[in-house]
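Each chain, letter by letter, is given below.
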Amino acid sequence: MKLDKDTIKKDFSRKLITMFSEDIQEASNLHKYLAFASLIKEYCAENWMMSNKAYTKDEKKQVYYFSMEFLIGKLLRSNLLNLGIEKESEEALKELGIDLNELEESEMDAGLGNGGLGRLAACFLDSMASLEIPGHGCGIRYKYGLFEQKIVNGYQVEIPDNWLKEGNVWETRKDDKAVVVKFGGNVTPVTINGRLNFIHENYRAVKAVPCDTPIIGYKNKTVNTLRLWSAETFEKDKELDFSSFKYGNYSKAVEYKSSVESISQVLYPDDSQIEGKILRLKQQYFFVSAGIQSIIRTYKKRNKPINELDKYVAIHINDTHPAIAVPELMRILMDEEGLGWDEAFEITKNVISYTNHTIMAEALEKWPINIFKELLPRIYMIVEEINRRFIEELKLKYHEDWNKINSMAIISSGQIKMANLAIIGGHSVNGVAKLHTEILKKRELANFYELYPERFNNKTNGITHRRWLLQANPKLAELITNTIGNDWVRNPIKLDELEKYAKDSGFQEELYNIKRNNKIKFAKEVENKYGIVVNPDSVFDVQAKRLHAYKRQLLNVIHIAYLYNNLKENPNLDIIPRTFFFAAKASPSYYLAKEIIKLINTIGDKVNNDKSIRDKIKVIFLENYRVSLAEKIIPCADVSEQISTASKEASGTGNMKFMMNGAVTIATLDGANIEIRDRVGEENIVTFGLTAEEVMNYEKNGGYWSKELYYKDRRIHTVIDQMTNGYFGVPSSEFKDIYNHLVEQNDEYFVFKDFDSYVKAQEKIDFLYRQRSKWMEMCAINIAKSGAFSSDNTILQYAKEIWHNISTRD
Ligand code: 26V
């Protein structure tokens, strides 16, 4: 069926009438959005059904991507794009007097993720569907996504993200596919017919209801599924009996209901220090158990024997959050399907693979035994047995090396280590950039690498070029297509062909104008929202990512203060005007991060209101960073700030999005920045700072004293003193924790140490930007070389090297 403009017009008008009994004149923007989005969902319904049917019939292996986070953002525009009806829809709406952009404003972001990890999962879903890989997402349908950020008096204030308040047109609730997830209770082993069985009694049953969202492949017939589970009481079907003796009394009944529903109530914000929160463990088991039960049920419909599960199913776990999949799959294979331990463990290992996303030790998940055991008694028994057998194996190899054995055990010091469980219970462990994987192999997971070298591999992250180029920057996409044809859309590595045009002045001019127009449009929005006038001809310098000490927004803002001081000293200082944009959410309990937000806003106020520097620099903190804001700011960036302390950023994916949109990166040699440099060449990126090697050396052997630099480097000294003497117009005590962190606690992330080198790198940016043609050539090379970072590329490698025997498009 080819959908033309007139069909869309007609269908849409009907839809408005059937849904709201309204015509276009009277319908609100919200109603128009709801009707239009519902129509688009209908357009993909048949292919969705057919994809599902094919998946239960044919011989193809299915991949299930388990993730606690899917940071999807909005779906209307990307669905139109993938269905190939974006232009037709735009025109149809236009003829009805409707602007598609305005409709999009009514869609809420699905913000079911914290940052990189959740957005990666969303990009992977898009790539799997576009590559015709039978790959599905499995996660939690949080009622509230990541909090909405408001800036009040320079401080972050968190507001609940009620993203479902107008409903969610994209999802289909599947009540008939609900499953039971069991918590607590007690387990008794009994021998029946000579076989040991485990009877689980007195548990609390939670109903897991799947809500499915179609994931539409790019101009193909594949529609995969993102299945998010919602936690409910069984009583919901009948209405909870509030007088029931079962719960004691009315308030107990209410308590019971809300304790069950709390499981899928809210996404946990990524924290600087993770706490063993029992609710988070409940969330993990809840979606993992529901997900695996539903996989097994679907598998059985295919009439395949259970001992061939590993031939037809791959389960990938996104970080350790779903690592409980290992004992849960074991439980189902043994207790419900009757397999013996060895066979069950072999199958489990073959099915499961794991990605590590961080080397930050404090983010490695551990659960206290007592909490775990009480909540999941049968699962705990299985973990204990996996651990016991593993230690037996280690003893044969390492004899009495207890230090080593303890560090590798799943259970030690009263805790269950989820990374160890994931490595032992799966066949593959991957890092997310070359450097990251090397650090895992050489340091963090060196013992495991020695034991299981064949399990370790690298899969450098990627981003979907459909959302981050075609959709977010349509004019740039058009220019590329006009220049090299449209092969790159299906085969992004073909972007390479742009390299030939990097020096072409006509091409450079067009590139320049596209960026400039993006900047003009965004500058207007900024002025409307913040009342700050932004010069679109200034350099847009952007740092947009979660706020973390290791990402070093501090380095950026200290440099801004230093520039400001220079301008105050010498108002005629010849610098290219720059607008520094920040966008970042801080975890609500991460005190230092929130202080850094206040610092950025404080320095911003001072700088933006000082007439004497004549608008040479401006600082804008963009409120509430989220996918839809990223789509707006990234196409405007001239400079991409990727300045984490080397060795700390596992990969980064924002770096790839900026590059693909023609920004020049100022970068430390960290994560995927290194691979970006290798692709574009030293001359098309500006690098600075300590290497990972050097950082890790200082960490191990000491030798860095931040206080020394504070006293020696006048530039640093001045800024730090201004921060703590009221110069920026806030009480002198305001930033004392930042001061302590940097000066008294020896600057854990080497901000002062890298400062000089960062200043020089920024001067180099200023120098390069003055040479318009040189700069535009750099931008062009960055775009040309970004194809390798399409998540299509990444996913093809996962399919081939980790999941095995996966059918793909070509
Ligand atoms: C940790 C926690 C701790 C407890 C509460 C909730 C929560 C949620 C997420 C996390 C893990 C953060 C790990 C993470 O996001 N890593 C990022 O993964 C990106 C995709 O691989 C990568 O590009 C970033 O460099 C890496 O920081």
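Note that the structure is a prediction, hence the values are computed from the model and not measured. (Residues numbered from 1 in each chain as written. Predicted model: local features only at pLDDT ≥ 70, side-chain atom pairs only at ≥ 80, totals over all residues. Heavy atoms only, no water.)

Asker: In this structure, what is going on with the layout of surface pockets? I would like to understand it.
Answerer: Where empty space is left can be seen by rolling a probe of water-molecule size over the atoms. Here the second largest pocket defines a volume of roughly 590 Å³. Surrounding the second largest pocket, 27 residues form its lining, Asn52, Lys177, Thr225, Arg227 and Thr298 being those nearest its centre. Of all the secondary structure elements, the ones that give two or more residues to the lining of the second largest pocket are helix H2 (29-57), strand E1 (62-66), strand E4 (135-140), strand E12 (223-232) and helix H8 (278-301). Taken together, the residues of the lining of the second largest pocket break down into nine nonpolar, 10 polar and eight charged. (1 Å grid on protein atoms, 1.4 Å probe; cavity = no way out; pocket = protein on both sides within 12 Å on 5 of 7 lines; lining within 4 Å. Points joined across faces, edges and corners; volume = space filled by probe spheres on them. Helix = DSSP H or I, 4+ residues; strand = E, 2+ residues; numbered from the N terminus. Nonpolar A, V, L, I, M, F, W, Y, C, P; charged D, E, K, R; others polar.)

Asker: Teacher, can you tell me more about the packing of aromatic side chains here?
Answerer: For any pair of aromatic rings, geometry is given as the distance between the ring centres together with the angle between the planes. Applying the stated criterion across every chain yields a total of 23 aromatic pairs. One Lys or Arg, Lys598, reaches over the ring of Tyr155 and ends 4.4 Å from the middle of that ring. Note that Arg772 overlies the ring of Tyr512, its terminal NZ or CZ placed 3.5 Å from the centroid. (Phe/Tyr/Trp six-rings, centres within 6.5 Å; stacked < 30°, edge-to-face > 60°. Lys NZ or Arg CZ within 6 Å of the ring centre and 35° of its normal.)

Asker: Teacher, can you tell me more about empty space enclosed by the protein here?
Answerer: Under the definition given, this model contains four cavities of 30 Å³ or more. Around the largest cavity sit 14 residues that line it, and Leu75, Ser78, Asp126, Ile215 and Arg467 are the ones nearest its centre. Those elements that place two or more of their residues in the lining of the largest cavity are helix H3 (76-83), helix H6 (116-130), strand E11 (204-216) and helix H18 (465-471). The element best represented in the lining of the largest cavity is H6, accounting for four residues. Per-class residue counts for the lining of the largest cavity are seven nonpolar, three polar and four charged.

Asker: Where do I start with helix H33 (residues 791-803) in this structure?
Answerer: Every α-helix winds through 3.6 residues per turn, so residues three or four apart in the chain are directed the same way. Taking 1.5 Å per residue as the helical rise, H33 with its 13 residues ought to reach 18 Å, whereas the 16 Å between its terminal C-alpha atoms falls clearly short. Looking at H33, one finds that the buried residues are Ser791, Asp792, Thr794, Ile795, Tyr798, Ala799, Ile802 and Trp803. Angularly, the buried residues of H33 cover 160 degrees about the axis, an arc narrow enough to put them on a single face. Trailing H33 by a residue or two, His804 shows a phi angle of about 60 degrees, which is positive. (Expected span 1.5 Å × (residues − 1). Buried < 20%, exposed > 50% of the residue type's maximum accessible area, 1.4 Å probe, protein only. Arc of directions from axis to C-beta.)

Asker: Hey, could you run me through the nonpolar core in this one?
Answerer: What tends to happen in soluble globular proteins is that the nonpolar side chains get buried as a cluster. Within the largest apolar cluster, 273 residues are counted, with the highest numbers of intra-cluster contacts made by Phe36 and Trp803. Here Phe36 is in contact with Ile8, Phe12, Leu76, Leu80, Ser89, Leu93, Leu100 and Leu103, once residues within four sequence places are set aside. (Core = buried A, V, L, I, M, F, W, Y, C linked by side-chain atoms within 4.5 Å. Contact = heavy atoms within 4.5 Å.)

Asker: Would you take a moment to explain the sheet that holds strand E17 (residues 415-417) for this structure?
Answerer: Sheets are built from strands that pair by backbone hydrogen bonding, the pairs being arranged parallel or antiparallel. On the basis of which strands lie adjacent, the open sheet formed by three strands has the order E15-E17-E16 and antiparallel pairing. Of all strands in the sheet, those with a lone pairing partner are strand E15 (366-368) and strand E16 (411-412), marking the two edges. (Pairing = 2+ DSSP bridges.)

Asker: Help me out: how do you make sense of the environment of Ala630 in this one?
Answerer: Relative to the assigned elements, Ala630 resides in helix H24 (residues 627-633). On the accessibility criterion, Ala630 (4% relative accessible area) is buried. A C-alpha to C-alpha distance of 8.9 Å links Ala630 and Ala472, two positions 158 residues apart in sequence. Not counting residues within four places of it along the chain, the set of residues in contact with Ala630 comprises Trp468, Tyr625 and Pro635.

Asker: For this particular structure, what's the right way to read the pairing of strand E20 (residues 539-544)?
Answerer: The side chains of a regular strand alternate between the sheet's two faces. Burial runs high along E20: six of the six residues are buried. Here E20 shows no split at all, with Val539, Asp541 and Gln543 on one side and Phe540, Val542 and Ala544 on the other all buried. The pairing of E20 with strand E21 (residues 578-583) spans six bridges and is parallel. Among the inter-strand pairings, Val539 is bridged to a residue of E21, identified as Arg578. Between the parallel pair E20 and E21, the chain is carried across by helix H22 (residues 553-569), and the sense of this crossover is right-handed. As paired elements, E20 and strand E23 (residues 639-642) share two bridges and run parallel to each other. By the bridge assignment, Val542 is partnered in E23 with Ser640. (Right-handed = clockwise from strand over helix to strand, strands pointing away.)

Asker: Help me understand the pairing of strand E5 (residues 145-152), please; the structure alone is not making it clear to me.
Answerer: Sheet analysis places E5 next to strand E6 (residues 155-161), joined by six bridges and oriented antiparallel. What sits directly across from Gln149, in E6, is Glu158.

Asker: What am I meant to see in the sheet that holds E23 here?
Answerer: The strand order E22-E21-E20-E23-E24-E25 describes an open sheet built from six strands, whose pairing is parallel. In the strand order of this sheet, the two ends are held by strand E22 (617-622) and strand E25 (686-687), each with one partner. In this sheet, E25 lies alongside strand E24 (residues 664-667) in parallel orientation, the contact comprising two bridges. Bridging across to E25, Ile666 finds its partner in Val686. Against the sheet, helix H23 (residues 591-608) touches E21 and E22, its axis set at about 140 degrees to E22. (Axes fitted to C-alpha atoms, helices over the stretch in contact; angles between N-to-C directions.)

Asker: For this particular structure, what's the right way to read the UniProt feature "modified residue: N6-(pyridoxal phosphate)lysine" (unreviewed entry) in the protein chain?
Answerer: Under the present numbering, the feature "modified residue: N6-(pyridoxal phosphate)lysine" (unreviewed entry) in UniProt falls on Lys657. Following the sequence through the fold, Lys657 ends up in helix H25 (residues 654-660). Its relative accessible area of 8% is what places Lys657 among the buried residues. (UniProt positions renumbered as here; feature names shortened; annotations may be inferred.)

Asker: What exactly am I supposed to notice about unusual backbone geometry here?
Answerer: Note on backbone geometry: most residues besides glycine have negative phi, and most peptide bonds are trans. Residues other than glycine seldom take positive phi values, yet Arg552 does so here, at roughly 60 degrees. Topologically, Arg552 is positioned in the loop between E20 and H22. What makes Arg552 buried here is its relative accessible area of 0%. Non-glycine residue Asp615 carries a positive phi angle of around 60 degrees.

Asker: Just checking my understanding: could you explain the pattern of salt bridges for this structure?
Answerer: Pairing between side chains of opposite charge can happen when their charged atoms approach one another. All chains considered together, the criterion is met by 60 salt bridges. Ionic pairing is found between Glu95 and Lys5, a salt bridge with its closest N-O pair at 2.9 Å. Pair noted here: Glu95 is in helix H4 (residues 86-95) and Lys5 is in helix H1 (residues 5-20), with a separation of 90 residues, a long-range link. Residue Glu95 is classed as partly exposed on the basis of its relative accessible area of 43%. Owing to a relative accessible area of 23%, Lys5 belongs among the partly exposed residues under this scheme. When salt bridges with common partners are traced through the structure, they connect Arg77, Glu86, Lys87, Glu90 and Glu104 into a single cluster. (Salt bridge = Lys/Arg side-chain N within 4 Å of Asp/Glu carboxyl O.)

Asker: Just checking my understanding: could you explain the environment of Thr56 for this structure?
Answerer: Its place among the elements puts Thr56 in helix H2. Spatially, the C-alpha atom of Thr56 lies 54 Å from that of Pro536, the residues being 480 residues apart in sequence. For Thr56, the residues in contact, after removing those within four places along its chain, are Thr298 and Arg302.

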